[in-house]
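Now for the letters of each chain:
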Amino acid sequence: VWSEFASLVTSGEAVAPFTFIHVSDPQSDEEQYYDIYREVLRSATKNCSPQFIVNTGDIVNNNWKGSVPNLNQWEWALTGTFDVMKDYPIVATTGNHEAADYDFSERFNFDTPEGASTKSGVYYSFNYNGVHFTAINTNDTSDHKSPDTTGLSDEQLNWIKSDLEKNKNAKWKIVLMHKPIYDCGAGGNNTEDPAEGRTNYDIPVMRRQLAPLFTQYGVDLVVQGHDHLYSKSYPLVSYLDESGEVVSRATVTESVQKSYNGGTYDFYDDPKGTIYIDIGSPSGWKNFPPVSDYPKDLIDKAGQGTVMYTAVSIEGDNLFVHTYTLDGKFESV
């Protein structure tokens, strides 16, 4: 049995501009929501002509580690969207709802580090047209439900450090991960997560582990999910204080409007620091508002989650982030 014909474009010259689409958390227990997800992908690929699609996890709504995967949901998420996704490489990170044993790694084939465990998910990196991408497995923690969590394993954390060190001279560096370390949502702010009914204790630990590394190695953009809302930080720099706690500050709090290729954009001119973004679910099954006490000195834009997707374009010295709803543009930076 053969599929219909499909084609894709591989990486080219380091200076060649390109676009990728970012979606996250299409998860649902009902097939009708994956129909919405397919229409979002159809609209996104038609409007933005991406080279690949990034999905930052919770592709399905399976239960937690040790459960039996719901294969119907994978069928809806992958086979049900095949007519749209067949012509695009899929760059996926592991969400907490793919934490069942090998649920994620049995369905995606990525070039993972030799000897790395793929039981709870995968981590890997790649280069595309001179841009370096690092994909993190945020399931690889001791216990997200307990304050005693140790955060990411030493094995993965050492690999992240090594990967960023080897690629420190890349012009653009982008990190992909499911759980957010800076956003306006419940998960990213360690309050009770409305989707999970519990606190995500591992997120503050991962913030201490990762944010100073992202500053040290000049990571430009961190693409996240999990909280099912719209959030964009200012450019942030982070470091550990004498007590070992992470301290972050915005280096720029005002953008400058500029015209470029017939459009008007809010630009940060050569900002020092990392921008963290989240978007709502592209299926609309679950979306949430910002929590009241998110750090407003760090978060530039905060909004109710809705059916949306983001297009990230890299053109030489410029990186553009456009977030769209199905009925039009939501935000441009």
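Let us look at the structure shown here. These numbers come from a predicted model, not from an experiment.

### A look at unusual backbone geometry
Notably, D25 is not glycine yet its phi reads approximately 60°, a positive angle. Relative to the elements of secondary structure, D25 occurs in the loop between strand 1 (18–23) and helix 1 (31–48). Among the residues examined, D25 registers a relative accessible area of 0% and is labelled buried. Phi is positive for H228, close to 55°, though the residue is something other than glycine.

### So, helix 5 (residues 202–216)
For helix 5, spanning 15 residues, the distance from its first C-alpha to its last is 22 Å, which sits close to the expected 21 Å at 1.5 Å a residue. The largest bend along helix 5 measures about 30° and falls at R208, with the proline P212 one to four residues further on. Summarising burial for helix 5: 12 of the 15 residues are buried, a large majority. Taken as a whole, helix 5 has its buried residues at D202, I203, P204, V205, M206, R207, Q209, L210, A211, P212, L213 and F214. The inward-facing, buried residues of helix 5 abut helix 4 (154–166), strand 6 (172–176), strand 9 (221–223), strand 11 (236–240), strand 12 (246–250) and strand 15 (275–278). Two residues or fewer past helix 5, G218 is found with a positive phi of approximately 70°.

### Structural notes on the packing of aromatic side chains
For the structure shown, the criterion picks out 21 aromatic pairs. Among the aromatic residues, ring-to-ring pairing joins F18, F20, F52, F126, Y128 and F133 into one connected group. The ring of Y182 has R207 sitting right over it, with the charged end atom 5.3 Å from the ring centre.

### Brief notes about the environment of Y276
If you trace the backbone, Y276 turns up in strand 15. C-alpha separation for the pair Y276 and S162, spaced 114 residues apart in sequence, amounts to 22 Å. Ignoring sequence-local partners within four residues, the contact set of Y276 consists of I181, Y182, A211, F214, V222, Q224, S231, K232, S233 and L236.

### Some details on the side chain of H322
Mapped onto the secondary structure, H322 falls in strand 18 (residues 318–325). For H322, the side chain forms a polar contact with the side chain of Y324, separated by 3.3 Å.

### Quick notes on the packing of helix 4 against helix 5
Taken N-terminus to C-terminus, the directions of helix 4 and helix 5 make an angle of 5°; their axes are 11 Å apart at the nearest point. On the basis of the axis angle, helix 4 is roughly parallel to helix 5. Here L157, I160, K161 and L164 of helix 4 come into contact with helix 5, specifically with Q209, L210, L213 and F214. Tallied by class, the residues present in the contact of helix 4 with helix 5 amount to six nonpolar, one polar and one charged.

Cut-offs applied
- Residues numbered from 1 in each chain as written.
- Predicted model: local features only at pLDDT ≥ 70, side-chain atom pairs only at ≥ 80, totals over all residues.
- Heavy atoms only, no water.
- Helix = DSSP H or I, 4+ residues; strand = E, 2+ residues; numbered from the N terminus.
- Buried < 20%, exposed > 50% of the residue type's maximum accessible area, 1.4 Å probe, protein only.
- Expected span 1.5 Å × (residues − 1).
- Bend = angle between axes of the 7 residues up to and from the residue.
- Contact = heavy atoms within 4.5 Å.
- Phe/Tyr/Trp six-rings, centres within 6.5 Å; stacked < 30°, edge-to-face > 60°.
- Lys NZ or Arg CZ within 6 Å of the ring centre and 35° of its normal.
- Polar contact = N/O pair within 3.5 Å; in protein donor to acceptor, adjacent residues only side chain to side chain.
- Axes fitted to C-alpha atoms, helices over the stretch in contact; angles between N-to-C directions.
- Parallel < 35°, antiparallel > 145°, perpendicular 65-115°, else oblique.
- Nonpolar A, V, L, I, M, F, W, Y, C, P; charged D, E, K, R; others polar.

These results come straight from atomic positions and should not be treated as a statement about function.
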